[in-house]
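# Coordinate analysis (summary)
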There are 2 protein chains.
Amino acid sequence: MKQSAEAAGKQQFNVGICGLGTVGGGTLTLLQSKQDELCRRLGRTLRVTHVASRRRNPDHDYSGVQYSQDVFAVADDPAVDILVEVLGGTEPALSLILRAIENGKHVVTANKALIAVHGNTIFAAARRRGVIVAYESAVAGGIPIIKALREGLAANSIEWLAGIINGTGNFIMTEMAQKGRSFEDVLKEAQALGYAEADPTFDVEGIDAAHKLTILASNAFGIPLSFDKVYTEGISKVTTADVSYAEELGYRIKHLGIARMTAAGIEMRVHPTLISAQKLIANVNGVMNAVVVKGDSAGSTLYYGPGAGAKATASSVVADLIDIVRSYGSGEAVRPASVPALSFASLRDDVPILKIDDIECEYYLRISVRDRIGVMAHISQILMQHNINIEALIQKEPDAAQAGEVIVPVVLLTGKVQESNMNRAIAAIEALPEVVERITRIRVELFDGDGN
Amino acid sequence: MKQSAEAAGKQQFNVGICGLGTVGGGTLTLLQSKQDELCRRLGRTLRVTHVASRRRNPDHDYSGVQYSQDVFAVADDPAVDILVEVLGGTEPALSLILRAIENGKHVVTANKALIAVHGNTIFAAARRRGVIVAYESAVAGGIPIIKALREGLAANSIEWLAGIINGTGNFIMTEMAQKGRSFEDVLKEAQALGYAEADPTFDVEGIDAAHKLTILASNAFGIPLSFDKVYTEGISKVTTADVSYAEELGYRIKHLGIARMTAAGIEMRVHPTLISAQKLIANVNGVMNAVVVKGDSAGSTLYYGPGAGAKATASSVVADLIDIVRSYGSGEAVRPASVPALSFASLRDDVPILKIDDIECEYYLRISVRDRIGVMAHISQILMQHNINIEALIQKEPDAAQAGEVIVPVVLLTGKVQESNMNRAIAAIEALPEVVERITRIRVELFDGDGN
């Protein structure tokens, strides 16, 4: 049982870092290089006293720092007040964090997958033990978005939020939009630049974004983390044709994570999305991240910045460390003050999370048809039968010949409709003899007509 | 001397609101309508128990709330834990806040002018008495920018920040840019819409923005509030011609507050500024606010949202109340934990604040000249003599006749130069016989070539 952090007027806080990869190394460097400035901020000292990693890294300065190969040595080090977990992955990260909590240490983690999937367990353990588990760096790198949701916007009922929360995906979408390059082409470049992993599935299939959206949604609505209920669709099927039709209609395609409180329940979905090119978030380009939050009181606010990288992520790791130090009052606090892990002192588990079939939104459809008289009439009739309005339409000149016949794309934007209804209409249209391939369907987000 | 807030496990926090204008009324309504949700967030109760205003307002619900005409009755009410000051102006606001502090109450204020000018006194008193004075609502309405600077970015040495921090001014600049309207024309509309006061001086001459910049700069750099050292220039002299030349050069004119740490000292300045139309902040339109912060670790992050209005401002007032409640640990805290009022436990007063003559930046110049042979050569020569590069140039066809002679505008962008040197060059150019009126000079901000 740790006593030191509970003594009166504690003046020095010892940090142990587990993992010295990009983020861990960045955190060590930041803390070592800024000791004086951080002391001026805090009036207390924040010092790295123990690091654990598979091997020593000659680039780092280990003077005054204990080195272990075994990360659990840090969790068991009685001198460590706060353990920084930047290993990534599930194990040993989960066991390590639980051991640190058990030993009465606060924890700072950048591990989005772990928090999204095992956060409920971790936070329950931390609550029982009276320690803080902080994870600002798990979402959107250097942007203090967890803090904005949990604290800055705490007076609000959050209506919805929408974010570009995967930098690799946004880099790809930006290159496709600005240079007309194909998905495959840009992905190769992203891998060469080190933005995307050799196995890019987590990024391009939306899993990484779904982890982050899970965390954002729980903080917005005060619900348990529910990663398995996020609808997840990646960007690997978006074509340059779609990007260019979207532009023609005044829209841009972004890979968004969207969470919304509706009368029927909560939407949580990650997918390519058409958004008006006029919106600020439509102009967030390259590897940058941004999150728009609509609160009933604050209105729409937007948070923008770098979503990844050693320095940006270390900025949030160290901000969490500073929060923990500042949470100690100057008197004799039995426990430090703290903000609930998921914004609310008590979570709601009575709000259903909607299946994707049950959401309502507008749609972009691209339909490849044989250029015959009456084809538009057939499509229009099916949409009308399903009570679906056509809000905008592009009919293009023939762009390919297939089996001697001329194939043309029909591109349209629909009014608001329930997804299950849209699916039935799409199935009916695909059954038309004039329709030659699967319809491309991309959801549209109007953000309630909001001005941001 | 207040005891209640210092007891263990305090479960209810009583709020007194002084002033029931736009923000005060919005705060009362928010707290009354969200009591249950706030309790779910806090695990404690936050309740308005006392309000003071010159007259009762029949729109508000006073049940369970004590009403006083005298605001000092709230400061002296032993049942009140936190006093909300939303009177505006210097007195009685200053005396009221000092009285509340003396009585051991925490204070939340939206009073930007008061904090900018008297904040050093107020924070010193609060520190001595061990209470919190919070002021998130004083800057940029619903955007949690103070929190971002003080906490979210606390690991960073802030290099610079730049903000659109006056909604009225941005509304005027946006209308001028998008619709080619004149300053006077838009100002009249802004007054009719209630965005601008009958006396618009505070908004259009930059004083309101200078108050906010003062507060931002102190939080960014950890320096005492220094309102009297901010260089302040309004937008009343910006013409539609300048807006349109700027667009032609790929720039937009925004009224920015800029604070920057340089090797020579700190820049603090509010003035119309050319910024690249590609930047996200250049696309912040209408009454919206946005602040870009460049940290050495997080990089550039941007915060955007509504800068004013009853609900948006109340959102930040109540966020401050929530922070204060959360700052009480669950055990026996002698004093609540707290973040230093201006981000740093100890402030620096050894960093000089630069005079405007000493700053360095790029400039936009519009020079009206008689259309004679050699005039450009004369101008170029003077600039060259002052070591000033011409980065871009527009020479227009004659647009007016004056005293029988043809007058043409010469518009140019310079390279980086010290303002005092620019002043000497401008004086020399104005002394040329071909130059027919005072040169228009607008500063350009390249944001260190940063990508945001």
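Further up the page is the structure itself.
Below you will find a few notes about this structure. Within every chain, residues take consecutive numbers counted from 1 along the sequence as written. Just so you know, chain letters begin at A and ligand numbers begin at 1, following the order they were written in. Owing to the predicted nature of the model, reporting of local features is limited to residues with pLDDT of at least 70; listing and counting of side-chain atom pairs is limited to 80 or more, with chain, interface and lining totals taken over all residues. With hydrogens and water set aside, each side-chain value is computed from the structure's full complement of heavy atoms.

## A few points about the overall build of chain A
Counting from the N terminus, the helices are the DSSP runs of H or I reaching at least four residues and the strands are the DSSP runs of E reaching at least two. The number of helices and strands found in chain A is 14 helices and 18 strands. On C-alpha atoms alone, chain A measures out to a radius of gyration of 25 Å, which is about the 22 Å that the 2.2 N^0.38 rule sets for 452 residues. Across its three principal axes, chain A shows a C-alpha extent of roughly 85 × 45 × 35 Å. Any residue under 20% of the maximum accessible area for its type is buried, any over 50% is exposed, and the rest in between are partly exposed; the area is computed with a 1.4 Å probe on protein chains only. Buried positions account for 62% of the 452 residues belonging to chain A. It only takes one pair of heavy atoms within 4.5 Å for two residues to be counted as in contact. Residue pairs at least 24 apart in sequence account for 73% of intrachain contacts in chain A once pairs closer than 6 positions are excluded. Here the globule rule reads 2.2 Å times residues to the power 0.38, and the radius of gyration is calculated from C-alpha atoms.

## Re the pairing of strand S12 (residues 299-306) of chain B
Burial runs high along S12(B): 8 of the 8 residues are buried. Note on pairing: DSSP must find at least two bridges between two strands before they are called paired. Sheet topology note: the strand S12 (residues 299-306) of chain A/S12(B) ladder contains 3 bridges and is antiparallel. Across the sheet, the residue bridging to A:Tyr304 is B:Leu302, located in S12(B). Across 8 bridges, the pairing between strand S11 (residues 288-295) of chain B and S12(B) is antiparallel.

## A closer look at the packing of aromatic side chains
Each aromatic pair joins two rings of Phe, Tyr and Trp (for Trp, the six-membered one) with centres within 6.5 Å, and gets the label stacked for planes under 30 degrees apart, edge-to-face for over 60, and tilted for any other angle. Counted under the stated rule, the structure contains 11 aromatic pairs over all chains. Between A:Phe13 and A:Tyr328, the ring centres sit 5.1 Å apart and the planes meet at 55°, which makes this aromatic pair tilted. Remark: A:Tyr328 occurs in the loop between helix H12 (310-326) and strand S13 (360-370) and A:Phe13 occurs in strand S1 (residues 12-18); sequence separation between them is 315 residues. The exposure class of A:Tyr328 is buried, given its relative accessible area of 7%. Here B:Tyr62 and B:Tyr67 contribute two aromatic rings whose centre-to-centre distance is 5.8 Å and whose plane-to-plane angle is 90°, an arrangement assigned as edge-to-face. Accessibility assignment for this pair places B:Tyr62 and B:Tyr67 in one class, buried. Lysine and arginine charges are scored as sitting over a ring when NZ or CZ, respectively, is within 6 Å of the ring centre and within 35 degrees of the ring normal. The side chain of A:Lys10 reaches across the aromatic face of A:Phe13, ending 4.9 Å from its centre.

## Quick notes on the side chain of B:Asp320
All names here are of chain B. By secondary structure assignment, the location of Asp320 is in helix H12 (residues 310-326). Arg150 provides the closest opposite charge to the buried, unpaired Asp320, separated from it by 6.0 Å. Apart from the residues lying within four places of it in its own chain, the contact partners of Asp320 are Val108, Ala134, Tyr135, Glu136 and Ser137. When charges are tallied, Lys and Arg are placed among the positive residues and Asp and Glu among the negative ones, while His and the ends of the chain are skipped. The salt bridge criterion pairs a side-chain nitrogen of Lys or Arg with a carboxyl oxygen of Asp or Glu, the two atoms within 4 Å.

## A closer look at the relation of the copies chain A and chain B
The transformation that overlays chain A on chain B combines an axial shift of 0.0 Å with a rotation of 180°, and the residual RMSD is 0.0 Å. The superposition of one copy onto the other is thereby described by a two-fold rotation axis. In this assembly, 100% of the residues forming the interface of chain A have copies in chain B that are likewise at the interface, indicating an isologous arrangement. The copies were overlaid with a least-squares fit restricted to C-alpha atoms from residues scoring a pLDDT of at least 70 in each copy.

## Focus: H12(B)
Any helix carries an expected span of 1.5 Å times its number of residues minus one. Here H12(B) spans 24 Å end to end across 17 residues, near enough to the 24 Å set by a 1.5 Å rise per residue. Most of H12(B) sits out of view: 14 of its 17 residues are buried.

## Observations concerning the packing of helix H5 (residues 112-129) of chain B against helix H10 (residues 207-221) of chain B
Residue and element names in this part refer to chain B. Between N-to-C directions, angles cover 0 to 180 degrees, with each direction set by a line fitted to C-alpha atoms, over the stretch in contact for helices. Between H5 and H10, the least distance of the axes is 9 Å, while the angle of their chain directions is 55°. When the interaxial angle is binned, H5 and H10 end up oblique. The chirality of how H5 crosses H10 is left-handed. Residues Lys112, Ala113, Ile115, Ala116 and Val117 of H5 form the contact with H10, whose own contacting residues are Asp208, His211, Lys212, Thr214 and Ile215. In what follows, roughly perpendicular refers to angles from 65 to 115 degrees, roughly parallel to angles under 35, roughly antiparallel to angles over 145, and oblique to any angle outside these ranges. When the near helix sits turned anticlockwise from the far one by under a right angle, the crossing is termed left-handed; a clockwise turn instead gives a right-handed crossing.

## Digging into helix H11 (residues 240-248) of chain B
All names here are of chain B. Among all positions of H11, only Asp242, Val243, Tyr245 and Ala246 are buried. What you see down the axis of H11 is that its buried residues fit within an arc of 165°, all on one side. Two residues or fewer after H11 comes Gly250, characterised by a positive phi angle close to 90°. The directions considered for the arc are those from the helix axis to the C-beta atoms.

## A look at the interface of chain A and chain B
Taken together, the contact between chain A and chain B spans 69 residues of the former and 69 residues of the latter. The term buried area means the drop in 1.4 Å probe accessible area that two parts suffer when joined, counted for both and summed. When chain A packs against chain B, close to 5000 Å² is buried across both sides, 52% of that on carbon and sulfur atoms. For the interface between chain A and chain B, the tally reads 4 salt bridges. Salt-bridge contacts for A:Asp296 lead to B:Lys34; the nearest nitrogen and oxygen are separated by 2.5 Å. Two N or O atoms count as a polar contact when they lie within 3.5 Å, although within protein this holds only if one can serve as hydrogen donor and the other as acceptor, and sequence-adjacent residues are included solely when both atoms are side-chain atoms. Put simply, chain A and chain B have 36 residue pairs in polar contact (both at pLDDT 80 or more) between them.

## Some points on the sheet that holds strand S3 (residues 66-68) of chain B
Residue and element names in this part refer to chain B. Taken together, 6 strands build an open sheet; the order of strands is S3-S2-S1-S4-S5-S6 and the sheet is parallel. Across the chains shown, the open sheet's two edge strands, defined by having one partner strand only, are S3 and strand S6 (133-134). Pairing geometry for strand S4 (residues 82-85) and strand S5 (residues 106-109), over 4 bridges, is parallel. Across the sheet, the residue bridging to Glu85 is Thr109, located in S5. The strands touched by H12 are strand S1 (12-18), strand S2 (45-52), S4, S5 and S6; relative to S5, the strand with the most contacts, the crossing angle is about 160°.

## As for the pattern of salt bridges
Across all of its chains, the model carries 47 salt bridges over all chains by this definition. Here B:Arg269 and B:Glu445 are joined by a salt bridge, their closest N and O atoms 3.4 Å apart. Here B:Arg269, found in strand S10 (residues 266-276), pairs with B:Glu445, found in the segment after strand S18 (440-444); they are 176 residues apart in sequence, far enough to count as distant. We note that B:Arg269, like B:Glu445, is buried. Put simply, B:Arg348 and B:Asp350 hold a salt bridge, and the shortest N to O gap is 3.2 Å. With relative accessibility at 54%, the residue B:Asp350 sits in the exposed group. Several salt bridges share partner residues, and in doing so they unite A:Lys147, A:Glu151, A:Asp323, B:Lys147, B:Glu151 and B:Asp323 into one network.

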